[in-house]
Amino acid sequence: MHRPRARAMTLAVRLAVGLGAVAGILGQPARAQDTPLPEPLAKVEITGSAIKRSIESETALPVQIITRDEIDKVGVTTASEIVARLSANVNGLTDGASISDGKDQRGFNSANLRGIGTSSTLVLLNGRRMANFASPGDDTGVDLNNIPAAAIARVEVLLDGASALYGTDAIGGVINFITRKDFQGLELNAYGLKTEEGGAGKRTATITAGHGDLSKDGYNLFAVADFQRTDALSTSQRDFIDKLRIPERLPHLLSGYTSPANIRLSADQRDYLAANGFKINGQPISSRLINPSVPTCSTPANLYLPTGTGGPEGCTYNYMGDTELYPKSEKANFLTRGVLQLNPDNQLYAEIALSRTKTWYAASSARVRAYVDASVIPAFKGYDLGSDEAGGDPEVELRIRLNEAGRRTSELTSESQRYVVGLSGSRNGFDYDIGLNHSVNVVRDRDTHGYLLYNELVQGISDGLINPFGPSSQAGRDLINSLQVNDEVRHARGTTDSVDFKISHAVGTLAGGDAALAIGGEIRREKTDYRPSALLLSDNINNDAAPEGGQATSYARNIQAVYGELLLPLTKQWEAQLSARYDHYQVVGGAASPKVGLSYMPTKTMLFRASAGRGFRAPSMTDLYRPTQVGGTAVLPDPVYCAVVDNDYAACAESWETHRHSNPNLKPEKSRQYSLGMVLQPSKQVMLTLDYWNIKRTDLIAEVGDDLILANPVKYASLVHRDPDDDNYILWIDQYKENRGAQKAAGLDLTIEFKGVQTWAGRFGGRLSGTYVTDSKIQNDKGDVYVSNLGRFVTDGVVQRWRHTLSFDWDRGPWAATLSNTFSTGYEDQNSAINLDDGSVVKPNHVKSYSLWDLTGSWQASKALKVRAGIQNLFDTAPPFSNQAYYFISGYDPTYTDVRGRRLFASVNYAFK
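What counts and how
Positions within a chain are numbered from 1, following the residues in the order the chain's sequence is written. Reporting of local features is limited, given that this is a predicted model, to residues whose pLDDT is at least 70; pairs of side-chain atoms are given and counted only at 80 or more, and all residues count toward the totals for whole chains, interfaces and linings. Side-chain measures were taken over the full set of non-hydrogen atoms in the model, leaving aside hydrogen atoms and water. Helix and strand definitions here come from DSSP, where helices need a minimum of 4 consecutive H or I residues and strands a minimum of 2 consecutive E residues; each element is numbered from the N-terminal end. Radius of gyration means the value over C-alpha atoms here, while the globule rule gives 2.2 Å times the residue count to the 0.38 power. Residue burial is assigned from relative accessible area. The probe radius is 1.4 Å, only protein chains are included, and a residue is buried under 20% of its type maximum, exposed over 50%, and partly exposed in between. Using a 1.4 Å probe, the Shrake-Rupley method yields the accessible areas, and only the shown protein chains count as cover for residues. A residue counts as positive if it is Lys or Arg and as negative if it is Asp or Glu; His and the chain ends are not included. Just so you know, the charge point we use is NZ for Lys, CZ for Arg, CG for Asp and CD for Glu. Note on definitions: the grid is 1 Å and covers protein atoms alone; a cavity is a set of points where a 1.4 Å probe fits but cannot get out; a pocket is an open set with protein on both sides within 12 Å along at least five of seven lines; lining residues have an atom within 4 Å of a point. Grid points are joined across faces, edges and corners, and a volume is the space filled by probe spheres set on the points. Each residue receives one of three labels: charged for Asp, Glu, Lys and Arg, nonpolar for Ala, Val, Leu, Ile, Met, Phe, Trp, Tyr, Cys and Pro, and polar for the others, Gly being one of them. Strand pairing is assigned whenever DSSP identifies at least 2 bridges connecting the two strands. By definition, pLDDT measures how confident the predictor is in each residue, and it falls between 0 and 100. Contacts: residue pairs with any heavy atoms within 4.5 Å of one another. What the arc covers is the set of directions going from the helix axis to the C-beta atoms. Every patch collects residues that have over 30% relative accessible area and no salt bridge, joining them within 9 Å if they carry like charges and within 5 Å if they are nonpolar side chains (Val, Leu, Ile, Met, Phe, Trp, Tyr). Salt bridge, as used here, is a side-chain nitrogen of Lys or Arg placed within 4 Å of a carboxyl oxygen of Asp or Glu. When two cysteine sulfur atoms are found within 2.5 Å, that pair is recorded as a disulfide.

**Student:** Could you clarify how one ought to interpret the overall build of the protein in this entry?
**Tutor:** Summing up its helical and strand segments, the protein has 16 helices and 44 strands in all. Taking 913 residues into account, the globule formula puts the C-alpha radius of gyration at 29 Å, and the protein, at 30 Å, falls close to it. Its C-alpha atoms give the protein principal-axis dimensions of roughly 110 × 70 × 45 Å. The buried share of the protein, taken over its 913 residues, is 53%. Total accessible area on the protein stands at roughly 37900 Å², and carbon and sulfur atoms take up 55% of it. Across the protein, the centroid of the 95 positively charged side chains sits 9 Å from that of the 102 negatively charged ones.

**Student:** I tried to follow unusual backbone geometry on my own but got confused; where do I start?
**Tutor:** For the peptide bond that leads from serine 259 to proline 260, omega is 0°, which places it in the cis range. Its place among the elements puts proline 260 in the loop between helix H8 (246-249) and strand S10 (262-264). Following valine 294, the chain continues to proline 295 via a peptide bond in cis, the omega torsion being 10°. With respect to the helices, strands and loops of the structure, proline 295 is situated in the loop between strand S13 (289-290) and strand S14 (302-303). Within the chain, threonine 795 stands out as a residue other than glycine whose phi angle is a positive 60°. Checked against the element boundaries, threonine 795 lands in the loop between strand S37 (786-788) and strand S38 (802-812).

**Student:** How should I be thinking about empty space enclosed by the protein in this particular structure?
**Tutor:** Once rolled over the atoms, a probe with the size of a water molecule shows which space is left empty. Taken as a whole, this structure holds seven cavities of 30 Å³ or more when the rule is applied. By volume, the second largest cavity is sized at about 100 Å³. Every residue along the wall of the second largest cavity is listed here: Gly48, Leu61, Leu158, Gly161, Ala162, Ala164, Leu165, Glu565, Gln577, Ser579, Lys595 and Gly597. Listed by contribution, the elements that provide at least two residues to the lining of the second largest cavity are helix H5 (163-166), strand S24 (574-585) and strand S25 (589-603). Class assignment of the residues belonging to the lining of the second largest cavity gives a composition of five nonpolar, five polar and two charged.

**Student:** Would you take a moment to explain the sheet that holds strand S5 (residues 173-179) for this structure?
**Tutor:** Spatially, the five strands line up as an open sheet ordered S1-S4-S5-S2-S3, and their pairing is mixed. Two strands bound the open sheet, and with one partner strand each, they are strand S1 (63-67) and strand S3 (128-129). As defined by bridge partners, strand S2 (residues 121-125) adjoins S3 across two bridges and the pair is classed as antiparallel. Among the inter-strand pairings, leucine 125 is bridged to a residue of S3, identified as arginine 128.

**Student:** For this particular structure, what's the right way to read the confidence of the model for the protein?
**Tutor:** Low-pLDDT portions of the prediction should not be read for the details of their coordinates. Confidence along the protein averages 90 in pLDDT terms, with 94% of residues attaining 70 or more. Here residues 1-41 is a poorly scored stretch, pLDDT under 50, and it has 40 contacts once near neighbours within four places are set aside; other chains count.

**Student:** Looking at this structure, how should I read the pairing of strand S7 (residues 202-211)?
**Tutor:** The side chains of a regular strand alternate, first on one face of the sheet and then on the other. The side-chain alternation of S7 yields one buried face, formed by Lys202, Thr204, Thr206, Thr208 and Gly210, and one unburied face, formed by Arg203, Ala205, Ile207, Ala209 and His211. The pairing of strand S6 (residues 185-195) with S7 spans nine bridges and is antiparallel. Bridged to glutamate 187 within S7 is threonine 208. Where S6 folds back onto S7 in an antiparallel hairpin, the turn is made up of six residues, including glycine 198, whose phi is positive at roughly 95°. With ten bridges connecting them, S7 and strand S8 (residues 219-230) associate as antiparallel partners.

**Student:** Looking at this model, I keep getting lost on helix H10 (residues 454-462). Mind explaining?
**Tutor:** Side chains three or four residues apart in an α-helix point the same way, a direct result of the helix having 3.6 residues per turn. Listing the buried residues of H10 in full gives Leu457, Val458, Gly460 and Ile461. Viewed end-on, H10 has its buried residues packed into an arc of 155°, placing them on one side of the element. Each element contacted by the buried residues of H10 is listed here: strand S18 (346-373), strand S19 (395-427) and helix H11 (474-482). Following H10 by one or two positions, glycine 464 has its phi on the positive side, about 85°.

**Student:** Would you take a moment to explain the side chain of glutamine 743 for this structure?
**Tutor:** As for its position among the elements, glutamine 743 is in strand S35 (residues 742-759). The residues touching glutamine 743, leaving out its near neighbours within four places in the chain, are Gly115, Ile116, Ile695, Lys696, Arg697, Leu700, Lys777, Ile778 and Tyr786.

**Student:** Before we go on, may I ask you to explain a nonpolar patch on the surface in this structure?
**Tutor:** Taken together, the side chains of Tyr219, Leu340, Leu342, Leu348, Val421 and Leu436 present a nonpolar region at the surface, about 510 Å² in accessible area. You can see tyrosine 219 is positioned in strand S8.

**Student:** Before we go on, may I ask you to explain the state of the cysteines in this structure?
**Tutor:** When the sulfur atoms of two cysteines share a covalent bond, that bond is a disulfide. With the rule as written, the count across this model stands at two disulfides. In this model cysteine 297 forms its disulfide with cysteine 315; the gap between the sulfur atoms is 2.1 Å. Looking along the S-S bond of the cysteine 297-cysteine 315 disulfide, the torsion reads about -85°, which is the left-handed sense. With cysteine 297 in the loop between S13 and S14 and cysteine 315 in the loop between S14 and strand S15 (316-317), the pair connects residues that are 18 residues apart, well separated along the chain. Judged on exposure class, the residue cysteine 297 and its partner cysteine 315 are both buried. The residue that forms a disulfide with cysteine 642 is cysteine 652, at a sulfur-sulfur distance of 2.0 Å. Residues cysteine 642 and cysteine 652 are joined by a disulfide whose S-S torsion is about 85°; by sign, that bridge is right-handed.

See below:
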């Protein structure tokens, strides 16, 4: 019964011993001042190892390095844009995909290595953790908006599991953003971007300053401040939206809430009106959903579309003609780092990183469902819908698109604070680093416009002040304005506090050199607080419903960890890397993560490497404790009810209500992964790397998919709640977080790099970085068959077979140019959406491959001044058509495409040094 407590005490003792060792190292007597100090060897630490090496070289683990120069060449300015260009990054969360009328974790920009989930990619800043995005949801990870991109010196991407060193979340790999550390002088940078068709323009300004030379002055103080503003982009600003022909291809994904309002009748009311000569578009009515304005329907956003959701006698609203594709945002980042050289070998450092990102999401205008007496509707003048002949009930349902209220706009603010104080250096042959880390993320979600008080709004419609069928009077418009909500509806705060240490030392000499041992540990406390507003909980905000079981929540947990790493240069050709880590999570329990890596270098131009290890992902506090969430499925058929209605999908397919439950008894996910690779460098100018990787996750923390539940009605009968008095029609579906099923992913990473090829026309270089996926599939429940999403959109996304980034560089004197390409292969579309009007399934579609070319050039006008300009999306390539129905945006997949089109950018950099 007391074993978890005993483990925790053991870990605490180990940490205390480790910290004591650090203190002992620092406490050793210093050398006499007159004793000459040997020139220290330059050592670097590469992501994936806790042991510094004398040179930066290829290791047993595949690490891609993106330099500051490479970032500048392609004209990107944010960490999210950097990550989006990684061929191994698939289905990360983006601003474009966040456009919605209310979705969890809106505003979260994330990385997703290998496409196995945002929660399985670890993002670090200078080798240490940051607080995760605070809003509760299915994905956990660092918001890339909180990374100070202007301060980045390089990005190291470890394309291998790393739980043996870093613990949880590192199953898919690690992205380590490393900032400048010894900058001197003053640097000013201004950047501007303008799109060819308008919208989504960007302006940035950066100030970088540093003072002090560590070797001469004994200190360095560095700071960078970066400010960015991006304009919104509306559907009306992009021609490709019309060319997607969404009303023609995807009429079932549009809306039946229109302006003028659609009217939903009872069957008796419809029959009464038809019998008494009421007509729509000159014809007797036969549908229950009607609109007296047919066929005009107040275009362009409101259409007469007989195959759409409005049906043949109603109007259909094309929300893709009245929404935003890209949000307006303002980003501010500040990072400062100070280093004090205590003596030639030891440093005291402190780091402060502050960021604030405001993003304004504007979805389509408000939709309202209201019930009014038919007598107030001008089109029904002379008809008595309250008569016995009409069923005795005069009330009708209105489905209104309230354009006068404006687009539904939310202001999402993500703020981050991170404070690190540490001590690092070398003493008596020991390398060490000890640090304290306090990191906070706060997310504020505010409804600012287009969201109205529901009860008062419906009363205004019933009273005739607000006109659902045309312009309202001044009194009606005044009422709408008075009902506008401006309220911080959700507030979330996440905090991470930790102390960590690591020590490494040579432990002997082998045939290949000095063997080294590193030990380290960490104590961490994570806390999350979530507070919905009183107004939200009152359930009186139109289009922003109160969460089921909604309440303020606060949870915290403690984590302890110890790890060790052994580097063994067995011979001049063979090197082994052994590592292991043990983590203990309060409530959840412990997890051990061992790993072994091996490299063989038969010649200086050839290296072979392999690694194998195990990893884990601890359940998030959202997984463990989140209150029940009410949502809905995609439109899916219910085979039980379909049997009652002769498999008529128009009657037995629906977006069914779901109740999603957390689970405090979850265990960690487990993984095993291995990789095999080689590095060839036949000359100083050319290098090739090829690595095969293979990952399997088990005990997946997941719910049974709603499509799987309905496809297996007997197996999952206990999860489906039915109405026995209505032919077992579904009332709701329960979905529980559980440890279930497995996931497999495998593929090849390829890089080809050539540089410094000198010719009469200048110096040339280039780089190809690509990922070819051979396997990507998931097992939804233990014992079930695996379902592949490789080259096929399944449930919430797709993993493309091949993705690459390609660049060609040229420079001559002060001039330089880069031509770059990002590419992903096509795939089989979702091909499962159902048109509820006629029961038809969407026409199958194959999404085309996607290729974007960029061209940039630079001029080093003087030692201090550098000017850069370029064209992004050189050929103005539009996103390919997709019939996916998972995201609010329709007609294309917003997770990997760029809607901005062709755009020009220019930057000026002036450095005083």
